[in-house]
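One letter stands for each residue in the lines below.
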Amino acid sequence: MRILVFGKDGQVGRELVRLGRAGEELVALGRQECDLSNRGSIQEQVRRVAPQVIINAAAYTAVDQAEKERDLCFAVNAVAPGVLAEEAAKLKAILIHISTDYVFNGEKQGPYVETDLIDPLSVYGASKAAGEAAVAQVGGRYLVLRTSWVYGPQGKNFLTTMLRLGSERQELRVVDDQSGAPTSARSIAAATSRLVHQYAQPTQAMPAGIYHMTAEGSTSWCGFARAIFDVSGNSARPRVLAITTADYPTPAKRPKNSVLSNRKFEDTFGFRLSSWKTQLHEVMGEIFAARSPKNTESAAHRPQVI
C-alpha cells in the first residue's frame, strides 16, 4: 500500500513516519518537497506518487501570526485540503485530514459534538473550518479528524516549552481558564494508522465525515503544566501560578472550552484514544528513554520512506 503523507516535519507527520508498518511504501513530504500554498505543486506530487491513501498532517499553525498572514494561512489550511480531496477522489484514494478544536468559539457548556455549529474566533480557526468544508464538498472516501492541544517529545509545543522554561525560571504563570484535552502526536498518528488499515481495501465502505479524536478527559493549560512537572520527577521544579486569559492577551483569541466529545468516533470505529494523563506519561517516558545512552532504534522495522 502506498501512503502519501503531507507534513513530514510536523509533530503528527514525524510520528506517522515512525509508526509506518513494514511493507508499506510511505512517501512523506515537507515544505521543501511541496508548497501547499501552490495548487500546481500539490497536484504534481499527488499525481507523481499515485497513492492509495493521502494523510494531510500539514497545516499553517502559527495561530497568532495568522492574524497578519491571512492569505497564506487560508491557502495552506483551506484551499490545499480541497485540492487534496479533488486529487484523492480522482484516484479513489482515502483522504484523512487533521483538523482542530479551534473551529468552535468555546462558549458551550460541556463537550462539543460534531453537529455543533462552528464559530471560529481566529483566522487560524476560520481557515481550518474552511478546509473541512472544502474536503466535505468534494466527498469521496475521506475522514476529517478534529483533535486538540497537540504535543510531543520534540519540536515547539506546550510540553517542550514548559520543560525549557521550567529549567530557566523559578515561577511560571499559566492560563487556567481555558480547558481542553492535551493529545499526543503519537496517539493521533497511531489512531490514524489504525483507521487507514481498517479501510485499506477499496471495496471497504468508509463512513466518511467529520469526527472528534482527542485524548480522554480534560484539563486547563495550568493543570497540564503542573502535571508535566509532576511527571518529570525533577525536584527543582518551578512554581506554576494560575492566571486568566485576560492576564495573557494574544493577537488571536482562543476558545475557553476546547473539550470535544469522542462518542461518535468510538461508536463508529470501535476504539478510543487513551486518557491525556496516560499519554503524558508515555511521552515523558519517551523523553527519558531518549536521554539514555543505551537508547537505540532498530532500522529493521522502519517502513520504506521515499
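Before reading on, note that the structure itself is shown above.
One structure accompanies this document, and this report is about it. Everything numeric in this text was worked out from a predicted model, so none of it was measured. For every chain, the first residue of the written sequence is number 1, and numbering continues from 1 onward in sequence order. At least 70 in pLDDT is required for a residue's local features to be given in this predicted model, at least 80 for side-chain atom pairs to be given and counted, and no such filter applies to totals for whole chains, interfaces and linings, which use all residues. Hydrogens and water are ignored here; the side-chain numbers use all heavy atoms of the structure.

Another point: the overall build of the protein. A tally of regular secondary structure across the protein gives nine helices and 13 strands. Throughout, the radius of gyration refers to the C-alpha atoms, and the reference size of a globule is 2.2 Å times the residue count to the power 0.38. Taken over the C-alpha trace, the protein has a radius of gyration of 19 Å; the compact-globule value for 306 residues is 19 Å, and the two agree within 12%. Expressed as lengths along the three principal axes of its C-alpha atoms, the size of the protein is roughly 55 × 50 × 40 Å. Looking at the protein residue by residue over its 306 residues, the buried ones come to 51%. By the criteria applied, helices consist of DSSP H or I runs no shorter than four residues and strands consist of E runs no shorter than two, each listed in order from the N terminus. Relative accessibility decides the category of a residue: with a 1.4 Å probe and only protein chains considered, values under 20% of the type maximum give buried, values over 50% give exposed, and everything between is partly exposed.

On to the environment of valine 283. Positionally, valine 283 belongs in helix α9 (residues 276-291). Sequence spacing of valine 283 and glutamine 154 is 129 residues, and the spatial spacing of their C-alpha atoms is 9.8 Å. If we skip the residues at most four places from it in the chain, valine 283 touches Tyr151, Gly152, Pro153, Leu159 and Ser184. Residue contacts follow a heavy-atom distance rule, with two residues in contact if any of their heavy atoms lie within 4.5 Å.

Now for the layout of surface pockets. Definitions used throughout: a 1 Å grid over protein atoms alone; a cavity as a set of points that fits a 1.4 Å probe which cannot get out; a pocket as an open set with protein on both sides within 12 Å along at least five of seven lines; a lining residue as one with an atom within 4 Å of a point. Grid points are joined across faces, edges and corners, and a volume is the space filled by probe spheres set on the points. Here the second largest pocket is characterised by a volume of approximately 160 Å³. In terms of lining, the second largest pocket is formed by Leu163, Gly166, Ser167, Phe229, Ser232, Asn234, Ala236, Arg237, Pro238, Met284, Phe288 and Arg291. Of all elements in the fold, only α5 (158-168), α7 (221-232) and α9 reach the threshold of two or more residues within the lining of the second largest pocket. Tallied by class, residues from the lining of the second largest pocket come to six nonpolar, four polar and two charged. Each residue gets one label: Ala, Val, Leu, Ile, Met, Phe, Trp, Tyr, Cys and Pro are nonpolar, Asp, Glu, Lys and Arg are charged, and the others, such as Gly, are polar.

Given a helix with a known number of residues, its expected span is that number minus one, times 1.5 Å. Its 14 residues place the ends of helix α6 (residues 185-198) 20 Å apart at the C-alpha level, agreeing with the 20 Å of an ideal helix rising 1.5 Å per residue. Burial in α6 covers these residues: Ala185, Ser187, Ile188, Ala189, Ala191, Thr192, Ser193, Leu195 and Val196.

What follows is about unusual backbone geometry. Its identity as a non-glycine residue notwithstanding, alanine 50 has a phi of 50°, on the positive side. With respect to the element layout, alanine 50 can be found in the loop between α2 (39-49) and β3 (53-56).

Right, let's talk about the environment of leucine 163 for a bit. Mapped onto the fold, leucine 163 is located in helix α5. The spacing of leucine 163 and serine 232 is 69 residues in sequence and 8.5 Å in space, taken between C-alpha atoms. Contact partners of leucine 163, with chain neighbours within four places excluded, come to Ile228, Ser232, Met284 and Ile287.

Moving on, we get to empty space enclosed by the protein. Applying the stated criterion to the full structure yields two cavities of 30 Å³ or more. The computed volume of the largest cavity comes to approximately 90 Å³. If you trace the largest cavity, you find it lined by Ile3, Val5, Leu16, Leu19, Gly20, Glu24, Leu26, Ile55, Ser193, Val196 and His197. Among the elements of the structure, β1 (2-6) and α6 are those that each provide at least two residues to the lining of the largest cavity. By residue number, the principal contributor to the lining of the largest cavity is α6, which donates three residues. Residue classes in the lining of the largest cavity are distributed as seven nonpolar, three polar and one charged. In this structure, the second largest cavity occupies an estimated 30 Å³ of space. In this structure, the second largest cavity is lined by Ala85, Ala88, Ala89, Ala93, Leu95, Gly139, Gly140 and Arg141.

For the purposes of this section, nonpolar cores are sets of buried Ala, Val, Leu, Ile, Met, Phe, Trp, Tyr and Cys residues that join through side-chain atoms within 4.5 Å. Phe6, Leu36, Ile42 and Leu95 are the most contacted members of the largest nonpolar core, which has 33 residues in total. When residues of this core are traced back to their parent elements, those giving at least two are β1, β2 (25-29), α2, α3 (70-91), α4 (123-138) and β5 (142-147). Residue contributions to this core peak at nine residues, all from α3. When residues no more than four places from it in sequence are discounted, the contact partners of leucine 36 are Phe6, Ile42, Asn56, Ala58, Ala75, Val76 and Ala80. Core analysis: the next-biggest nonpolar cluster, separate from the first, contains 29 residues, Leu16, Ile55, Leu195 and Tyr211 among them.

Considered for burial, the residues of α2 that qualify are Ser41, Ile42, Gln43, Gln45, Val46 and Val49. Next to the buried residues of α2 lie β1, β2, β3 and α3. Of the residues one or two after α2, alanine 50 is the one with positive phi, at around 50°.

Here we take up the state of the cysteines. Note that a disulfide, as used here, is simply two cysteine sulfur atoms within 2.5 Å. Going through the model one piece at a time under the given rule, you end up with zero disulfides. The thiol sulfur of cysteine 34 is not disulfide-bonded, and the nearest other cysteine sulfur, from cysteine 73, lies at 17 Å. A relative accessible area of 0% places cysteine 73 in the buried class.

Glancing now at the packing of aromatic side chains. The rule is short: rings of Phe, Tyr and Trp, with Trp giving its six-membered ring, pair when the centres are within 6.5 Å, and they are stacked under 30 degrees, edge-to-face over 60, tilted in between. One pass over the full model with this rule turns up 11 aromatic pairs. Between phenylalanine 104 and tyrosine 112, the aromatic rings sit 4.1 Å apart at their centres with planes inclined by 15°, giving stacked as the arrangement. Taken as a pair, phenylalanine 104 and tyrosine 112 share a single burial class, namely buried. One aromatic cluster is present, formed by Trp149, Tyr151, Phe158, Trp221, Phe224 and Trp276 through successive ring pairs. Two conditions define a charge located above a ring, namely a distance within 6 Å from the ring centre to NZ of Lys or CZ of Arg, and an angle within 35 degrees of the ring normal. For the cation-ring pair, arginine 194 lies above phenylalanine 271, with the distance from its terminal atom to the ring centre recorded as 3.9 Å. Against the face of tyrosine 211 rests lysine 264, its NZ or CZ located 4.5 Å from the ring centre.

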